[in-house]
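Below are the chains, spelled out letter by letter.
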Amino acid sequence: MDRIPILKLGDALLVTIQVDMHDRLAAALEEDLTERIAATGAKGVLIDISSLGIVDSFIGRMLDTVAAVSRMLGADTVVVGMRPAVAITLVELGLELKGVRTALNVERGMALIGRWLEDGDGDERDGPAAGDANDGDGG
Amino acid sequence: MATGDDAARGTAVLAIGSSDDVVRVRQEVRSRAVAAGLGIVDQTKIVTAASELARNTLIHGGGGTVRVESVSQGVRRGVRLTFEDHGPGIPDINQALKDGFTTGGGLGLGLGGSKRLSNEFEIDSAPGRGTRVTIARWK
């Protein structure tokens, strides 16, 4: 079965979703990612969804779950690269991914993770919807 | 852009029996939406709605079909989708349309969300008879 590659960069894990995800692949990513967090002690997870033409409720729920489980394992998640049309559609669908930090692109996402790592433990993780990082919903 | 070939493009009927089929439905709907001249936001909305409804057909209906039609009304062009299953049906459609109502362990955004993402929405269902949902998105 296909797997989505997970790269380690310092204390962060990087995931770039480049395929139209079917449901089993999304479920596998959830498992693989949490295992890698536990194995590596990563403190931050960046998920790049810029290749995704849509995010439906299944994928949205997967992102929410990954963020919640990662947090319990001591890692904060930022989702980057959401296309403007996807953001518009998600809000209309009623799925605002309130439990997930977002940033416009990989660069800003990595900067955010860098700040979390500098802070040691992020107080920021208590307020995922607050702060200046939720700038991925343009359009 | 090719024009005048609506009749030739006609109708496609796709089976929905696995999560891979849900991906295929998304791809077919995307290419129809592009061919109909829908903008990127409208494309994203109809493909997302199709993904939600295809998953409903799979999970709640026990599988079924979708008919994908390229439609035109005068100079207006669009895409119409008819999802059909012979599953248990929906006893209370109004309740099923409410956000947060779910029997399948999902987020319960599928039906109501798809309705919001479409220009036309029609549902016909009764216990024991199965469910038919028709949506359309126009340019």
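Residues numbered from 1 in each chain as written. Chains lettered and ligands numbered in written order. Predicted model: local features only at pLDDT ≥ 70, side-chain atom pairs only at ≥ 80, totals over all residues. Heavy atoms only, no water.

Next up on the list: the overall build of chain B. When its secondary structure is counted, chain B shows 5 helices and 5 strands. When the helices and strands of chain B are listed from N to C terminus, the series reads α-β-α-α-β-β-α-α-β-β. Across the 139 residues of chain B, 52% fall into the buried class. Considering only contacts within chain B whose residues lie at least 6 apart along the sequence, 61% involve residues at least 24 apart. Accessible surface for chain B amounts to roughly 6300 Å². Of this, 50% is attributable to carbon and sulfur atoms. (Helix = DSSP H or I, 4+ residues; strand = E, 2+ residues; numbered from the N terminus. Buried < 20%, exposed > 50% of the residue type's maximum accessible area, 1.4 Å probe, protein only. Contact = heavy atoms within 4.5 Å. Areas by Shrake-Rupley, 256 points an atom, 1.4 Å probe, with all protein chains shown as cover.)

A few words on the interface of chain B and chain A. Of the residues lining the interface, 23 residues belong to chain B; the matching set on chain A comes to 20 residues. At the junction of chain B with chain A, the criterion picks out 4 salt bridges. Here Arg24(A) ties to Asp20(B) by a salt bridge, and the two come within 3.4 Å at their closest N and O atoms. Contributing elements (two or more residues each) for the side of chain B that touches chain A: α2 (19-35), α3 (40-59) and α5 (110-116) of chain B. Residue contributions to the side of chain B that touches chain A peak at 9 residues, all from α3(B). Considering only residue class, the side of chain B that touches chain A consists of 7 nonpolar, 9 polar and 7 charged. (Salt bridge = Lys/Arg side-chain N within 4 Å of Asp/Glu carboxyl O. Nonpolar A, V, L, I, M, F, W, Y, C, P; charged D, E, K, R; others polar.)

Our focus in this paragraph is helix α1 (residues 23-40) of chain A. For α1(A), spanning 18 residues, the distance from its first C-alpha to its last is 26 Å, which sits close to the expected 26 Å at 1.5 Å a residue. Within the span of α1(A), buried status applies to Asp23(A), Leu25(A), Ala26(A), Ala28(A), Leu29(A), Asp32(A), Leu33(A), Thr34(A) and Ile37(A). Residues of α1(A) that are buried sit in contact with β1 (6-9), β2 (12-16), β3 (44-48) and α2 (57-72) of chain A together with α2 and α3 of chain B. Count one or two residues on from α1(A) and you reach Gly41(A), which has phi positive near 70 degrees. (Expected span 1.5 Å × (residues − 1).)

One finds Ile17(A), Ile47(A), Leu81(B) and Phe83(B) to be the most contacted residues of the largest nonpolar core, which totals 61 residues. When residues of this core are assigned to their parent elements, the largest contribution, 7 residues, is made by α3(B). Non-local contacts of Ile47(A), meaning those with residues more than four positions away in its chain, are made with Val15(A), Ile17(A), Leu33(A), Leu63(A), Val66(A), Thr77(A), Val78(A), Val79(A) and Val80(A). (Core = buried A, V, L, I, M, F, W, Y, C linked by side-chain atoms within 4.5 Å.)

Before going further, it helps to examine the pattern of salt bridges. Residues and elements named next belong to chain B. Under the definition given, this model contains 13 salt bridges over all chains. Asp21 serves as the salt-bridge partner of Arg24, at 2.7 Å between the closest nitrogen and oxygen. Placement of the pair is Arg24 and Asp21 together in helix α2, with a separation of 3 residues, close to one helical turn. The class for Arg24 is partly exposed, based on a relative accessible area of 46%. The shortest N-O distance in the salt bridge between Asp124 and Arg129 comes to 4.0 Å. Classification of Asp124 by relative accessible area gives partly exposed; the value is 34%.

Mean pLDDT over chain A: 86, with 86% of residues reaching 70 or higher. Considering only residues more than four positions removed or in separate chains, one finds that residues 124-139 of chain A, a stretch of pLDDT under 50, has 39 contacts. (pLDDT = per-residue confidence, 0-100.)

For any pair of aromatic rings, geometry is given as the distance between the ring centres together with the angle between the planes. Using the criterion set out here, one finds 0 aromatic pairs over all chains in the structure. Lying across the ring of Trp138(B), Arg76(B) places its NZ or CZ 4.5 Å from the centre. (Phe/Tyr/Trp six-rings, centres within 6.5 Å; stacked < 30°, edge-to-face > 60°. Lys NZ or Arg CZ within 6 Å of the ring centre and 35° of its normal.)

What follows concerns the pairing of β3(A). A regular strand places its side chains so that they alternate between the two faces of the sheet. All names here are of chain A. Of all 5 residues making up β3, 5 are buried, and the element is well covered by its neighbours. Every second residue of β3 is oriented toward a common face, with Gly44, Leu46 and Asp48 on one face and Val45 and Ile47 on the other, all of them buried. The pairing of β2 with β3 spans 5 bridges and is parallel. Among the inter-strand pairings, Ala12 is bridged to a residue of β3, identified as Gly44. In this region the chain leaves β2, passes through α1 and returns to the parallel neighbour β3; the handedness of that crossover is right-handed. Bridge analysis of β3 against strand β4 (residues 76-80) gives 5 bridges, and the strand direction is parallel. (Pairing = 2+ DSSP bridges. Right-handed = clockwise from strand over helix to strand, strands pointing away.)

Residues and elements named next belong to chain A. In space, the 5 strands of this open sheet follow the order β1-β2-β3-β4-β5, with mixed pairing throughout. Unpaired on one side and paired on the other, β1 and β5 (101-103) mark the two borders of the sheet. Pairs of neighbouring strands in the sheet enclose a mean axial angle of 25 degrees, with direction left out of account. Set on the sheet, α2 makes contact with β3 and β4; between it and β4 the angle comes to about 155 degrees. (Axes fitted to C-alpha atoms, helices over the stretch in contact; angles between N-to-C directions.)

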